[in-house]
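# Breakdown of the fold
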Amino acid sequence: MNNKGFSLVEMMITLAISAIIIGAAFGSYTIIARNFQWQSDMKYMSQTARDVVEMITKDIRNAGFRFESSSVISDPVKIYDAGDALDRIEVIYDETEEPYKRVKIEYKLKPYSSNSSRNRLIKIKTDITDPNNPIPIFESPIADHVETLQFEGTKGSCQEGQIVYGCGKADVLVTPVRAEFGTNGRSTCSDNALKIFDLNPATYWDCSGSEYDNSGNYWINLEFANDVRPTKLVLSGSLGGLSGGSFDLSQGEFTTGYQSDGSYDLLGAIEPWGKNSSIGMIFRFYRESDNGNNTEGDGYTCVWIDNTYCEVGELIQGSGVRSNLDFGDRGSSPNHWLGANVYSFAVQPISTMTYNLEEIDGVHDHYLFATSSKWLTIEISDRARYCDYSRGHCDLTDGGGRFIQIPDMKIYGESFDGTIVPTEIMVGLIVRSPNEHGNVERSHAYSIGNYSFTKNDKYLRDFYTTSATIRNLLYQSQ
Amino acid sequence: MNKQSGVSLIEAMVAAVVVGIGFVAIYGITTSSTRVLLNSIDREKGNMLANMIMEDIIIDTQNLTQYHNLKFISSPSSQTTTVEKKQQKWKLTADQLFSVVQNNSSECIGGNPREWRNCHYRKVEVVETSNGSKVYTISVHLSNRDGRAVNTFKRIINSE
């Protein structure tokens, strides 16, 4: 046997060489592991951003979508922007038709309770089919480490607060905040005229009995919270207008003329007989009038696509300027009494009547739909009377007294409340890496929308942005 | 009994070098995977920016043809028209998305994109598919942050 073993020198050389090799391997491992961590974080950020942006833009594109039968969404997109990193967006659209479901989607950032610099993106979905009874569907975090969420909504070149055609909220129901009856006669109608706008067809404005006096003119001054360009009027026919009875529409439901006993013959009236109590009224909408009515406000602004009716943007003020639209035009011929004329709503046996103001053509000084103001006056040019159409006659000899009754009314229009409903929305977000990287601090500076982001630390950050056009709102407003 | 001579120093060092080459290769792989990752992030961002640009163009169909051959590398001299405002918006957005440093805003001209360094290529093209069809192809060309590759995003729109 001749086993000599290793000498000390050999051992030391071997150890040194192995140390170098192991050191190199370990060093490489560290570098590769760090690189892997860095790549994972980069990937994490880009994936987060992609998923979030995709989800948010999808919801934004749906904003304002509604089924034909459902009501208008007045605020399809709302952006809450306090100038800080945490913007919030609310989007409303109809999700399903059968059963009908309208939902509100909300995106916002929420800081961790323990670490306020680390934000989670939260998505909240609420069932608002019944706006008075919202039902939460879910509220859940969908992404982590989103440091900044920014939204910026634009609508063409519209500026906030501008009163320009197409920049307001289109076709929304506008309800007056004040409605005051006025007369230069002796009537003392005490019923609150806001009843006309309470959206409850069962209640109507009623001035009768000793309060009503058959003298002078009557009007109701309306004041809205914001400028309104009226586009549509919906009148409820259920002023107790018709109490039973019916009309044969094919016969035209108008009168043939005076009868010897002072009544009118109703061509279309058929059994069962009934009574109508609002015949013969004329409504006129005034902005500012020269006929002595006590109109309020200080003129109105011309708001239209072009200068067809007035000079766009011009503020029209002063007496002698008037813009009116007639409803319930009785005309000189009795033939107009019962609804052959588009302006007339007097006795039509239907539950509601809709007047699209923009479609009413003809006289150019009737351009109410091309003007905007906070004030509107309804002039009642003729009082209501009973029409008892039993036997096919309309007996106008006041079956029991005169009065003014006004049915429920809904005014729709373009509302200029200072905010715009955006059609294009920019989404911007800054995502942070979950882990710190390297030993040196990096500076990050971004400016997104109205927010400037600066930070100095060891985290990685990336910025992502895109924008989405809400096509259904865009084409609606064109 | 055989005589065992052990591993010589030379042999050990050769082995170390071979192993070292292996590490270098692995390191090379991580480097290239980093590059691929950054490229893919650039593409992702480019896609988002191209979407923004196309949405901007689609809602402004009356100026459609003015966007043809529009570059958004430097700020336009004035920002009054809609087109100029958008040009400025796209430039600023692209700068931030691709972390552009101030001196890196020159335009890449000609040559092979693989040889471009420290320059940018950002252009919109709007081409009617056939004369009078009112159907337009919008192309957005965007260079990567290192300026060595150009991603092109296309969409067809009906301007009516």
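Residues numbered from 1 in each chain as written. Chains lettered and ligands numbered in written order. Predicted model: local features only at pLDDT ≥ 70, side-chain atom pairs only at ≥ 80, totals over all residues. Heavy atoms only, no water.

## Some thoughts on the overall build of chain B
When helices and strands are tallied, chain B shows 2 helices and 4 strands. Beginning at the N terminus, the succession of helices and strands in chain B can be written as α-β-α-β-β-β. Per-residue burial for chain B yields a buried fraction of 41% across its 160 residues. Considering only intrachain contacts with a sequence separation of at least 6, the fraction spanning at least 24 residues in chain B is 49%. In the structure as shown, chain B presents an accessible area of about 9,100 Å², 53% of it carried by carbon and sulfur atoms. (Helix = DSSP H or I, 4+ residues; strand = E, 2+ residues; numbered from the N terminus. Buried < 20%, exposed > 50% of the residue type's maximum accessible area, 1.4 Å probe, protein only. Contact = heavy atoms within 4.5 Å. Areas by Shrake-Rupley, 256 points an atom, 1.4 Å probe, with all protein chains shown as cover.)

## Re the overall build of chain A
Looking only at helices and strands, chain A has 2 helices and 30 strands in total. Scored against the burial criterion, the 478 residues of chain A give a buried share of 46%. Put simply, 72% of the contacts in chain A that link residues at least 6 apart link residues at least 24 apart. Only carbon and sulfur atoms are counted for the fraction: they give 50% of the accessible area of chain A, which is about 22,500 Å².

## Side note on helix H2 (residues 82-97) of chain B
Look at H2 of chain B: 22 Å from first C-alpha to last across 16 residues, which is about the 22 Å you get at 1.5 Å a residue. When you tally the buried positions in H2 of chain B, you get 12 out of 16 residues, the bulk of the element. The complete set of buried residues in H2 of chain B reads Val83, Glu84, Lys86, Gln87, Gln88, Trp90, Lys91, Thr93, Ala94, Asp95, Gln96 and Leu97 of chain B. Elements that come into contact with the buried residues of H2 of chain B comprise strand S28 (442-448) and strand S30 (459-469) of chain A together with helix H1 (9-58), strand S1 (70-71) and strand S2 (122-128) of chain B. Within two residues after H2 of chain B, Ser99 of chain B carries a phi angle of roughly 40 degrees, on the positive side. (Expected span 1.5 Å × (residues − 1).)

## Quick word on the environment of Glu55 of chain B
Inspection of the secondary structure puts Glu55 of chain B in helix H1. On the accessibility criterion, Glu55 of chain B (1% relative accessible area) is buried. For Glu55 of chain B, the contacting residues outside a window of four places in its chain are Arg61, Glu424, Ser467, Ala468, Thr469 and Arg471 of chain A together with Arg155 of chain B.

## As for the sheet that holds S30 of chain A
The antiparallel open sheet is built from 3 strands, whose spatial order is S6-S27-S30 (chain A). Two strands bound the open sheet, and with one partner strand each, they are strand S6 (146-154) and S30 of chain A. Pairs of neighbouring strands in the sheet enclose a mean axial angle of 10 degrees, with direction left out of account. The pairing of S6 of chain A with strand S27 (residues 424-436) of chain A spans 8 bridges and is antiparallel. In the sheet register, Val146 of chain A faces S27 of chain A, and the bridge partner there is Val431 of chain A. The strands touched by H1 of chain B are S27 and S30 of chain A; relative to S30 of chain A, the strand with the most contacts, the crossing angle is about 30 degrees. Taken strand by strand, H2 of chain B contacts S27 and S30 of chain A, and its axis lies near 150 degrees from that of S30 of chain A. (Pairing = 2+ DSSP bridges. Axes fitted to C-alpha atoms, helices over the stretch in contact; angles between N-to-C directions.)

## A look at the interface of chain B and chain A
Each partner contributes to the interface: chain B provides 27 residues, whereas chain A provides 33 residues. Buried area between chain B and chain A, both sides added, is near 2,600 Å², and the carbon and sulfur share of it is 65%. Considering only the surface of chain B that becomes buried against chain A, Met48, Glu55 and Gln96 of chain B emerge as the three largest contributors, covering 24% of it. Here chain B is connected to chain A by 5 salt bridges. A salt bridge links Glu424 of chain A to Lys89 of chain B, with the shortest nitrogen-to-oxygen separation between them at 4.0 Å. For the pair chain B and chain A, the interface holds 12 residue pairs in polar contact (both at pLDDT 80 or more). Contributions of two or more residues to the side of chain B that touches chain A are made by H1 and H2 of chain B. The element that contributes the greatest number of residues to the side of chain B that touches chain A is H1 of chain B, accounting for 21 residues. (Buried area = accessible area lost by both parts, 1.4 Å probe. Salt bridge = Lys/Arg side-chain N within 4 Å of Asp/Glu carboxyl O. Polar contact = N/O pair within 3.5 Å; in protein donor to acceptor, adjacent residues only side chain to side chain.)

## Thoughts on the side chain of Asp56 of chain B
Its location among the elements puts Asp56 of chain B in helix H1. Asp56 of chain B sits in the buried class, given a relative accessible area of 0%. There is a polar contact of 2.8 Å between the side chain of Asp56 of chain B and the side chain of Trp90 of chain B. Beyond its immediate stretch of four places on either side in the chain, Asp56 of chain B contacts Glu424 of chain A together with Lys86, Lys89 and Trp90 of chain B.

## Structural notes on the environment of Ile137 of chain A
Residues and elements named next belong to chain A. Mapped onto the secondary structure, Ile137 falls in strand S5 (residues 135-144). The exposure class assigned to Ile137 is partly exposed, which follows from its relative accessible area of 37%. Along the primary structure Ile137 and Thr126 are separated by 11 residues, whereas in three dimensions their C-alpha atoms are 5.1 Å apart. Excluding anything up to four places from it in sequence, Ile137 contacts Lys101, Val103, Lys125, Thr126 and Asp127.

## A closer look at the packing of helix H1 (residues 8-62) of chain A against H1 of chain B
With their axes 11 Å apart at the nearest point, H1 of chain A and H1 of chain B run at an angle of 10 degrees to one another. As the angle between them shows, H1 of chain A and H1 of chain B are arranged roughly parallel. Across the contact of H1 of chain A with H1 of chain B, the residue classes break down as 20 nonpolar, 7 polar and 5 charged. (Parallel < 35°, antiparallel > 145°, perpendicular 65-115°, else oblique. Nonpolar A, V, L, I, M, F, W, Y, C, P; charged D, E, K, R; others polar.)

## Some remarks on the pattern of salt bridges
By the definition in use, this model includes 27 salt bridges over all chains. Residue Lys169 of chain A is joined to Asp417 of chain A by a salt bridge in which the shortest nitrogen-to-oxygen separation is 2.7 Å. Remark: Asp417 of chain A occurs in the loop between strand S26 (409-416) and S27 and Lys169 of chain A occurs in strand S7 (residues 169-174); sequence separation between them is 248 residues. Residue Lys169 of chain A is classed as buried on the basis of its relative accessible area, which comes to 9%. Among the salt bridges present, the one from Arg229 of chain A reaches Glu414 of chain A, with a minimum N-O distance of 2.8 Å. Taken together, the residues Arg229 of chain A in strand S10 (residues 218-236) and Glu414 of chain A in strand S26 connect sequence positions 185 residues apart. Residues joined by salt bridges that share partners form a network here, namely Arg61 and Arg471 of chain A together with Glu55 and Arg155 of chain B.

## Description of the sheet that holds strand S1 (residues 77-80) of chain A
Residues and elements named next belong to chain A. On the basis of which strands lie adjacent, the open sheet formed by 5 strands has the order S1-S2-S3-S4-S5 and antiparallel pairing. Edge positions in the open sheet fall to S1 and S5, since each of these has one partner strand only. Between one strand axis and the next, the sheet turns by 20 degrees as a mean value, whatever way the strands run. Relative to strand S2 (residues 88-96), S1 runs antiparallel, the two being bridged by 4 bridges. The residue of S2 that forms the bridge with Ile79 is Ile89.

## Structural notes on the nonpolar core
Taken as a class, soluble globular proteins show a tendency for nonpolar side chains to be buried jointly. With 37 residues, the main nonpolar core has Trp205, Ile220, Leu222, Ile404, Met409 and Ile411 of chain A as its most contacted residues. Among the secondary structure elements, those contributing two or more residues to this core are S7, strand S8 (178-183), strand S9 (205-207), S10, strand S18 (300-302), strand S22 (371-382), strand S25 (404-406) and S26 of chain A. Sorting elements by how many residues they give to this core places S10 of chain A first, with 7 residues. Once you skip the residues sitting within four places of it in the chain, Leu222 of chain A turns out to touch Pro176, Arg178, Ala179, Phe197, Lys374, Trp375, Leu376, Ile378 and Ile411 of chain A. Counting 34 residues, the second largest nonpolar core, distinct from the first, contains Tyr93, Ile425 and Val427 of chain A together with Ile41 of chain B. (Core = buried A, V, L, I, M, F, W, Y, C linked by side-chain atoms within 4.5 Å.)

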